[in-house]
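The primary structure of each chain is shown beneath.
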Amino acid sequence: MSDLREIVEAEARRTNGVIQRRDALAAGMTVAQVDRRVRRGQWRKGCGPATYLLAEMAEDPFARLASAVVGLDAVGWGASALAVWGLGQYPTMPIVALPVQLRRPGGAEIRSVAALGALPITSYSGIAMASLELAVASMASERSDRGTHDLVDRVIREQRTTWERLAEVFDLYRRRGRPGSGTITRLLEERSGEGSVPLSIWSRDVKKLLADAGFNAPEMEWRVGDEAGRLVAQVDLAYPAAKYAIELDSVAFHLNRQAFVEDRRRDAALARVGWLSRRFTWDQFRDELDLVLATIRADLAAR
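Residues numbered from 1 in each chain as written. Predicted model: local features only at pLDDT ≥ 70, side-chain atom pairs only at ≥ 80, totals over all residues. Heavy atoms only, no water.

Description of the overall build of the chain
The helix and strand inventory of the chain stands at 14 helices and twelve strands. Relative to the globule expectation of 19 Å for 303 residues, the C-alpha radius of gyration of the chain, 26 Å, shows a markedly less compact shape. On the principal axes, the C-alpha backbone points of the chain span a range of 85 × 45 × 40 Å. Of all 303 residues assigned to the chain, the portion counted as buried reaches 45%. Accessible surface, the chain: about 15700 Å² in total, of which carbon and sulfur atoms supply 51%. With 43 positive and 40 negative side-chain charges, the chain shows a spacing of 5 Å between the two charge centroids. (Helix = DSSP H or I, 4+ residues; strand = E, 2+ residues; numbered from the N terminus. Rg over C-alpha atoms; globule rule 2.2 N^0.38 Å. Buried < 20%, exposed > 50% of the residue type's maximum accessible area, 1.4 Å probe, protein only. Areas by Shrake-Rupley, 256 points an atom, 1.4 Å probe, with all protein chains shown as cover. Lys, Arg positive; Asp, Glu negative; His and termini not counted. Charge placed at Lys NZ, Arg CZ, Asp CG, Glu CD.)

As structure tokens, then:
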């Protein structure tokens, strides 16, 4: 018995601590032996029928997710998949996807996803997992448009993937009207033609404010060069035809002496190549929006 148990548990340690009852029996353990391990708490109930976790792994959120994926023959999904890819915290209960909804999920949240096999599923530590791009798409039903934009900006900014790959997966995901398809459709439309993602988390908010106020949408992260093609500065928002830059100053990064001096140096460098740079804080956009818009409108009219 000891040898069989050790063999089964050694294999479980190689597979994220997950043990399926059928595998233990197939290895030669008896029903009584399996039940004894469970009764003594050496094998804890996993997140799937007749699926267990080694006691030492029971508090590991990835192990619990693995037990749900293996026990339910499912796919890691949503916030759980994002956590696997290092983009958030594991939810309290593992989230997995299946082609059909189960009445008794067995300790996991189930997402019913039609034609699941047609979506980009990958393997992570031996278990089926939504690809990074699909994990982002699956969150569109649980986040606002802004939250989805922020998540997309982050994975591109961190070079986890490309916009082209995301757009391809997004389009595939929305074709059957899956939850979040409306958010994804709007996101694809709004980002069409964008050349870069913003470094400031609220550049996109300001861009939308300007568009809602009747301005043409500015370019984000515009690279200003001199006549020799050398980079002068990369500005938050820009109207290149007018040589007009909008810089967004935050308390965290701009209200200290070194940043103050550097910002003025950048403004002077931009002025030397014919650009006007205006600096605003988020508080100004929030509390003095009419004044800010009037300033920008007057600047653009003068240029």
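Things to note about the sheet that holds strand 3 (residues 51-54)
Taken in spatial order, the three strands of this open sheet run 1-3-2, and their pairing is antiparallel. Each having just a single partner strand, strand 1 (18-20) and strand 2 (43-45) make up the two edges of the open sheet. Direction aside, neighbouring strands of the sheet carry axes that sit 40° apart on average. Relative to strand 3, strand 1 is paired through three bridges, and the arrangement is antiparallel. Along strand 3, the bridge assignment pairs V18 with L53. Here helix 4 (residues 61-72) sits on the sheet and contacts strand 1 and strand 3; the angle it forms with strand 1, its principal contact strand, is near 25°. (Pairing = 2+ DSSP bridges. Axes fitted to C-alpha atoms, helices over the stretch in contact; angles between N-to-C directions. Contact = heavy atoms within 4.5 Å.)

Overview of helix 8 (residues 163-174)
Between its terminal C-alpha atoms helix 8 stretches 16 Å, which fits the 16 Å expected from twelve residues at 1.5 Å a residue. Listing the buried residues of helix 8 in full gives W163, L166, A167, V169, F170 and Y173. At its buried positions, helix 8 is contacted by helix 6 (132-138), helix 7 (145-157) and helix 9 (181-191). (Expected span 1.5 Å × (residues − 1).)

Some details on the packing of aromatic side chains
Scanning the model with the defined rule gives five aromatic pairs in all. Centre to centre, the rings of W163 and F170 are 6.3 Å apart; their planes meet at 80°, and the pair counts as edge-to-face. Here the two residues W163 and F170 agree in accessibility, since each one is buried. Ring plane angle 70° and centroid distance 5.6 Å describe the contact between F280 and F285, whose orientation is recorded as edge-to-face. When sorted by exposure, F280 lands in the same class as F285, which is buried. (Phe/Tyr/Trp six-rings, centres within 6.5 Å; stacked < 30°, edge-to-face > 60°.)

What to know about the side chain of E247
With respect to the helices, strands and loops of the structure, E247 is situated in strand 11 (residues 244-249). By relative accessible area, E247 is classed as buried at 2%. Other than its neighbours up to four places away in sequence, E247 contacts Q234, V235, D236, R266, S277, R278, R279 and F280.

Examining the sheet that holds strand 11
Across a sheet, strands are paired by hydrogen bonds formed along the backbone, either parallel or antiparallel in direction. Pairing is mixed across the open sheet formed by four strands, whose spatial order is 9-10-11-12. Looking along the sheet, the strands with just one partner apiece sit at the ends: strand 9 (219-225) and strand 12 (276-281). Taken pair by pair, the neighbouring strands of this sheet meet at an average axis angle of 45°, ignoring direction. Pairing between strand 11 and strand 12: six bridges, direction parallel. Residue pairing for strand 12: I246 is matched across the bridge by R278. Sheet strands touched by helix 10 (residues 203-212): strand 9, strand 10 (231-239) and strand 11. Its angle to strand 10, the strand with the most contacts, is close to 50°. Packed on one face of the sheet, helix 14 (residues 289-302) meets strand 10, strand 11 and strand 12 and runs near 175° to strand 12.

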